[in-house]
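These are the residues of each chain, in order.
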Amino acid sequence: MAARPVVSVFGLTGAKLEATVPLPAVFTAPIRPDLVQFVHKNMAKNRRQPYAVKQQAGEETSAESWGTGRAVARIPRVGGAGTYRSGQAAFGNMTRGGRMFAPTKVWRKWHVRTNTNQKRYATASAVAASGVSALVSGRGHRIQDIEEVPLVVAADAESLNKTKEAVALMKALKAYADVEKVSNTRSIRAGRGKLRNRRHRQRRGPLVVYAEDKGITHAFRNLPGVELVNVTRLNLLQLAPGGHLGRFVIWTQPAFEALNKVFGTQTEASQQKIGYTLPAPLISNPDVSRIITSSEVQAVVRPAGPRFTKRPYTQKKNPLRNTQVLVRLNPYAQVLRRAEILGRNKRTTKASHKKSASKKFLEILKAD
C-alpha cells in the first residue's frame, strides 16, 4: 500500500506543479489478491451470453431399433431402403449425425451473484495496488520513466478533445511507452473468434480516471490499450484485468480528490456508498519477519532451543529393531548375537577352503 502523505500534481507539459493533494485513504486499504481473484472470476461470468445447440439437432429423422435377434446393436436405425442412409444408426451420441451427449441448454446458470461488500473490498484493494510501483511494474506496464506512482495530472486534462493533445500529454508524462507496448502486441486472434468481430488481441494499457467528461473521452479513446472511466464508476474488471493487481492508472486531480467521497475512510462513511467505510488492516505493519527480528521482540523472547529434541524416556522402542533396548532387557542377547556372528564366519571359512588332492592319488592318476 502507498503510505505517502501527499502526492504531486503534474501539468500538461509534464512539469511538476507546486500544488499537491493528500493521499486518499483508499490507498491504505489492505491488498487482498485472493479476494480480487474471487470477485473478478464471478464478475467476469456476468458478461456471458447463453448458448445451446438446436433442441432437435441429431434427432430429425425417423429411426427405430430393430430389436433383438438380428445380431446387431439395439441402437435406433434409419428405415427405408435403396440408400446408404437406410439401416444406419441414429440418435445416439456415438453415431454419425446423432445428437451430442447432454445437449447444452440456455437455462444453464450463467450469472453469479457476488456480495456487495466483497466487490467494494476488492475494488478498494485494486485501487491501493495501483499505487504500488512494484505491483504496477510487475504486471508488465512500462513505468520506469515516470516520476511518481500514483500519477496525478492537472484538471486541465479533462478538457482535452484531440487525440494529438492526448498523445502529447502521455509523452510529456513519459507514459507513452506503455501505449507503444500495447500497439506492438496487437496480433490476430487464433481460432474462430477472428470471424466473430474479435479479430485482434492486444494487451491492456493505462487506465485514465476522470471526474467530469469535458472532452477527455474523445481525446483518449483512439489510443491503443487506453481505457477511460469515471471515478464514480470504478470497475474491478478494469482495475485488475484478469484478476491481476497493479493496473497503471492516470488520475486527474478532481478525480483523485473525490476518492475520499467515493470510498470514505476507515473512520468516516462514504458519501456515495451509503454506510460504507474502508476495511482496516488487522496489523499496521504486514512485514511479520521484520517484526520478529526486531530488537524489541528479540530482547524479550527466550533463546532458541536445540535443533533436535531428545525423545522422552517414556517412549517405547522396539527391542527387535533396537539392539540397545534388547540388551537392556536381555543382557545374554549380546552373547548370543556374538556367537551367531562367529559361527557364521566359521561356516564361510570352511566352505571357501578347498582340500588339495593327496600325493598318492595324483601318482595313481598319472600312472599309465
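Cut-offs applied
- Positions within a chain are numbered from 1, following the residues in the order the chain's sequence is written.
- Confidence filtering applies because this is a predicted model: local features only for residues at pLDDT of at least 70, side-chain atom pairs given and counted only at 80 or more, and all residues used for totals across whole chains, interfaces and linings.
- Side-chain descriptors were evaluated using all non-hydrogen atoms of the structure, hydrogens and water having been removed beforehand.
- Here, a salt bridge means any Lys or Arg side-chain nitrogen found within 4 Å of an Asp or Glu carboxyl oxygen.
- In this scheme, a residue with accessible area under 20% of its type's maximum is buried, one over 50% is exposed, and one in between is partly exposed, where area comes from a 1.4 Å probe on protein chains only.
- By the criteria applied, helices consist of DSSP H or I runs no shorter than four residues and strands consist of E runs no shorter than two, each listed in order from the N terminus.
- Note on contacts: a residue pair qualifies if any of its non-hydrogen atoms lie within 4.5 Å across the two residues.
- Nonpolar core, defined: a set of buried Ala, Val, Leu, Ile, Met, Phe, Trp, Tyr and Cys residues in which side-chain atoms within 4.5 Å join the residues together.
- Each pair of aromatic rings taken from Phe, Tyr and Trp, with Trp reduced to its six-membered ring, is defined by centres within 6.5 Å and is described as stacked if the planes are under 30 degrees apart, edge-to-face if over 60, and tilted in the remaining cases.
- Our definition puts a charge over a ring when NZ of Lys or CZ of Arg is within 6 Å of the ring centre and also within 35 degrees of the ring normal.

(A) Quick look at the pattern of salt bridges. Applying the stated rule across the entire model yields eight salt bridges. Between D34 and R32 there is a salt bridge, with its nearest N and O atoms 3.0 Å apart. Residue classification places R32 among the partly exposed residues on the basis of a relative accessible area of 31%. In this structure, R344 and E340 form a salt bridge, with 3.4 Å as the shortest nitrogen-oxygen distance. Taken together, the positions of R344 and E340, both in helix 13 (residues 332–352) and four residues apart, correspond to about one turn of that helix.

(B) The side chain of K273, seen in detail. Among the secondary structure elements, K273 is positioned in the loop between helix 9 (259–263) and helix 10 (288–292). If near-sequence neighbours (up to four positions away) are discounted, K273 is found in contact with R120, V262 and F263.

(C) Here's a closer look at the nonpolar core. The biggest cluster of nonpolar side chains holds 41 residues, and the ones touching the most others in it are V209, L234, W251, F256, L259 and F263. Of all the secondary structure elements, the ones that give two or more residues to this core are strand 1 (6–10), helix 1 (33–44), helix 2 (116–129), strand 8 (207–210), helix 7 (236–239), strand 10 (249–252), helix 8 (253–257) and helix 9. Looking at which element gives the most residues to this core, the answer is helix 2, with seven residues. Sequence-distant contacts of F256, that is, excluding residues within four places in its chain, are made with V7, V21, P22, L23, P24, F27, P150, V152 and W251. Grouped together as the second largest cluster of nonpolar side chains are 27 residues, L151, L169, Y176 and V179 included.

(D) The environment of A134, seen in detail. Within the secondary structure layout, A134 lies in helix 3 (residues 133–138). Taking relative accessible area as the criterion, A134 reaches 55% and is therefore assigned exposed. Here the alpha-carbon distance between A134 and V149, two residues 15 residues apart in the chain, equals 9.9 Å.

(E) Structural context of the environment of K360. Mapped onto the elements, K360 comes out in helix 14 (residues 359–366). Residue K360 is classed as exposed on the basis of its relative accessible area of 63%. In sequence terms K360 and R96 are 264 residues apart; their C-alpha atoms lie 94 Å from each other.

(F) Quick look at the packing of aromatic side chains. One pass over the full model with this rule turns up four aromatic pairs. Between the aromatic rings of F27 and F256, the centroid separation amounts to 5.5 Å while the plane-to-plane angle is 40°, which identifies the pairing as tilted. Within this pair, whereas F27 is found in the loop between strand 2 (16–22) and helix 1, its partner F256 is found in helix 8, the two being separated by 229 residues in sequence. The pair F27 / F256 is uniform in exposure class, with both members buried. For the ring pair W251 and F256, a centre distance of 5.9 Å and an interplane angle of 70° mean the geometry is edge-to-face. Look at F256 and you get buried, because its relative accessible area is 1%. Members of the aromatic cluster, joined through ring pairs, are F27, W251 and F256. Sitting over the ring of W66, R70 keeps its end group 4.1 Å from the ring centre. Sitting over the face of the ring of W66, R77 holds its NZ or CZ atom 5.3 Å from the ring centroid.

Function cannot be inferred from these measures alone, as they are strictly geometric.
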